[in-house]
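Residue-level listing of the chains:
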Amino acid sequence: MRKRLIALLAVLFAFGMFTACGSDDSSSSSSSEASSSSSETSSSAATDDDHDDDDHGDDDHGDDDHGDDHHDDDGHDHSGPETKAAFIMVAPIGDAGWNYAHDVARQYAEETTGVETAYVDAVPEGTAEFGNYVRDFIDQGYNVIIGTSFGYMDDMLSLADEYPDVVFEHVSGYKMNETNFGNTFGRMYEPRYLSGMVAGSATTSNLIGYVAAFPIPEVIRGINAFTLGVQAINPDAEVEVIWTSTWFDPAVEGDSAQALLDKGADVIAMHQDSTAAGEKAEAAGARWVSYNTDMSEFAPEAFLTAPVWNWGPRYVEIIEAAKAGTYAPTSYWGSMAEGIVDLAPIASDVDQGVVDQVMEAKAAIIAGDLHPFTGPINDQDGNEVLAAGEVMDDGAMLGMMFFVEGVIGSTG
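Residues numbered from 1 in each chain as written. Predicted model: local features only at pLDDT ≥ 70, side-chain atom pairs only at ≥ 80, totals over all residues. Heavy atoms only, no water.

Looking now at the overall build of the chain. On a plain count of helices and strands, the chain comes out with 12 helices and 16 strands. Every one of the 412 residues in the chain was classed for burial, and the buried ones make up 56%. Of the roughly 16,600 Å² of accessible surface on the chain, a fraction of 47% belongs to carbon and sulfur atoms. (Helix = DSSP H or I, 4+ residues; strand = E, 2+ residues; numbered from the N terminus. Buried < 20%, exposed > 50% of the residue type's maximum accessible area, 1.4 Å probe, protein only. Areas by Shrake-Rupley, 256 points an atom, 1.4 Å probe, with all protein chains shown as cover.)

What follows is the structure, given as structure tokens:
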């Protein structure tokens, strides 16, 4: 989902944080009770005056009036409500990609924190359904709401104002408030670069295909990082992009991958949610770099590696803060050093020398000694974008709308 400078920064952030997810119109849910899955185990720990309101007076959780047992002078227990977290996702969790990764993280957070969680999937963006599900979850006592698609952002902001005692965290957006609504994303361009190194070593035709969702900064940033990684190993290789205008559509993704294979691509990469591109690559005897999760089981002969998400620790942080009453909205853009993004295991038939190079680059990125967007970098027309030794700042990355040299295709 002002002064001129502030407006510009907001637009850049909006494009940059647009997430890699989409709806599956063929799969939708009729009610929260029918389509959400909640754990049978509830947390035994109550919140520590979670989201204090008039029942507790001021917002000082550490004063002597509350004490460790949350009893006031009248002898009654005034502890906050039990913390429960609900996740709302835009496509089926069985997609093996974006939504599956979020559901794995939900289960991890539930096990780690002891907090009861629930989810509903296949909830479309831009409709009344999202708000209906949120209100239904809140009526059931869920006081942490996590929305995992960009198009939920504006609805979440409104709902956060409507329910000030509920924590709202939006994955991939850029809007927030000062009390109960923050956002989360990850620096996926880091493992994208590493996966490009692997792909560059695997191609013999020097044409790598890239099945991409939408021409927005997040996706373009990933393509560019991938291409820079390819060039670090194989300067002669090129990356050709096909846009699908979908996040999750196996038929379209498969057809796009096949079109690239027919042009001579012998490695296929993707910014999509299904495994269709990999299945086409395997059928053609080509190789494949997947996305979101380790999808190797779906095309084991083609699989090379994948840039992957690990949302679990971040969700634990959010839920634990809600339990403790210490949640404070932030704009979180985590890195490989923080563990929210990573590289899946590299296929066993990749040359060990290449693996060593990739692992050295990974260690350097984590240590802060290597940034994928370090000059010299030219755009695909040969114009200098970044001078030698210059590191691109976050604002430029978040607003990226150009392709680097070596990419075939258009951003428009």
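All buried positions along helix H9 (residues 276-283) are accounted for by Ala276, Ala277, Gly278 and Ala281. Each element contacted by the buried residues of H9 is listed here: strand S6 (207-212), helix H8 (250-262), strand S8 (267-271) and strand S9 (287-289). Residue Gly285 follows H9 closely and has a positive phi angle near 75°. (Contact = heavy atoms within 4.5 Å.)

Of all hydrophobic cores here, the largest spans 97 residues; its most connected members are Trp309 and Trp311. Considering each element in turn, this core owes the most residues, 7 residues, to helix H7 (residues 217-233). In contact with Trp311, not counting residues within four places along its chain, are Trp98, Ala101, His102, Ala105, Val171, Thr184, Phe185 and Ile340. In this structure, Ala91, Val123, Phe130 and Tyr133 belong to the second largest nonpolar core, which totals 22 residues. (Core = buried A, V, L, I, M, F, W, Y, C linked by side-chain atoms within 4.5 Å.)

Further remarks concern helix H11 (residues 352-367). With 16 residues, H11 extends 22 Å from end C-alpha to end C-alpha; this agrees with the ideal 22 Å at 1.5 Å per step. Taken together, the buried positions of H11 are Val354, Val355, Val358, Ala361, Lys362 and Ile365. All buried residues of H11 lie within an arc of 125° about the axis, which places them on one face of the element. The exposed set on the far side of H11, more than 90 degrees from its buried face, consists of Glu360 and Ala367. (Expected span 1.5 Å × (residues − 1). Arc of directions from axis to C-beta.)

Looking at the element boundaries, Arg287 is found in strand S9. A polar contact of 3.1 Å, which involves the side chain of Arg287, links it to the backbone oxygen of Ala302. (Polar contact = N/O pair within 3.5 Å; in protein donor to acceptor, adjacent residues only side chain to side chain.)

A few words now on empty space enclosed by the protein. Space inside the largest cavity adds up to approximately 70 Å³. Forming the boundary of the largest cavity are Phe185, Gly186, Arg187, Met188, Tyr189, Arg192, Glu218, Arg221, Gly222, His271 and Trp333. When contributions to the lining of the largest cavity are tallied by element, the ones reaching two or more residues are strand S5 (181-186), helix H6 (189-202) and H7. If one sorts the elements of the lining of the largest cavity by residue count, H7 sits on top with 3 residues. Considered class by class, the residues forming the lining of the largest cavity number 4 nonpolar, 3 polar and 4 charged. (1 Å grid on protein atoms, 1.4 Å probe; cavity = no way out; pocket = protein on both sides within 12 Å on 5 of 7 lines; lining within 4 Å. Points joined across faces, edges and corners; volume = space filled by probe spheres on them. Nonpolar A, V, L, I, M, F, W, Y, C, P; charged D, E, K, R; others polar.)

Time to look at the packing of helix H3 (residues 98-113) against helix H10 (residues 312-324). H10 packs onto H3 with a crossing angle of 45° between their chain directions and a minimal axis gap of 8 Å. The pairing of H3 with H10 is recorded here as oblique in orientation. Taken as a pair, H3 and H10 cross one another with a handedness that is right-handed. Contacts between H3 and H10 involve His102, Ala105, Arg106, Tyr108, Ala109, Thr112 and Thr113 from the former and Gly312, Pro313, Tyr315, Val316, Ile319, Glu320 and Lys323 from the latter. Of the residues in the contact of H3 with H10, the class split is 7 nonpolar, 4 polar and 3 charged. (Axes fitted to C-alpha atoms, helices over the stretch in contact; angles between N-to-C directions. Parallel < 35°, antiparallel > 145°, perpendicular 65-115°, else oblique. Left-handed = near helix turned anticlockwise from the far one by under 90°.)

With that settled, the discussion passes to the sheet that holds strand S16 (residues 407-408). Here 6 strands make up an open sheet; going across it, the order is S10-S9-S8-S6-S7-S16 and the pairing parallel. In the strand order of this sheet, the two ends are held by strand S10 (303-305) and S16, each with one partner. Summarising the sheet, strand S7 (residues 238-243) and S16 pair through 2 bridges and their orientation is parallel. Across the sheet, the residue bridging to Val239 is Val407, located in S16. Against the sheet, H6 contacts S6, S8, S9 and S10, and its axis sits at roughly 135° relative to S10. (Pairing = 2+ DSSP bridges.)

One open sheet accounts for 6 strands, arranged S2-S1-S3-S4-S5-S12; its pairing is parallel. Edge positions in the open sheet fall to strand S2 (116-120) and strand S12 (331-334), since each of these has one partner strand only. Strand-to-strand, the axes of this sheet are offset by a mean angle of 20°, without reference to chain direction. With 4 bridges connecting them, strand S3 (residues 144-147) and strand S4 (residues 167-171) associate as parallel partners. Across the sheet, the residue bridging to Ile146 is Glu169, located in S4. Contacts between helix H4 (residues 128-139) and the sheet are confined to strand S1 (84-88), S2, S3 and S4, with S1 contributing the most and set at about 165° to the helix.

With that settled, the discussion passes to the environment of His102. Checked against the element boundaries, His102 lands in helix H3. Residues His102 and Trp309 lie 207 residues apart in sequence; the distance between their C-alpha atoms is 8.4 Å.

Taken as a whole and judged by the stated rule, the model has 10 salt bridges. Between Asp154 and Lys175 there is a salt bridge, and its shortest N-O distance comes to 2.7 Å. With Asp154 in helix H5 (residues 153-162) and Lys175 in the loop between S4 and S5, this residue pair connects regions lying 21 residues apart in the sequence. Of the residues examined, Asp154 reaches a relative accessible area of 38% and is grouped as partly exposed. One salt-bridge network, in which partners are shared between bridges, spans Glu169, Arg314 and Glu317. (Salt bridge = Lys/Arg side-chain N within 4 Å of Asp/Glu carboxyl O.)

Let us look at the confidence of the model for the chain. Residues at a pLDDT of 70 or more form 81% of the chain, whose mean pLDDT is 85. Taken as a whole, residues 1-78 scores under 50 in pLDDT and shows 168 contacts with residues more than four places along the chain or in a different chain. (pLDDT = per-residue confidence, 0-100.)

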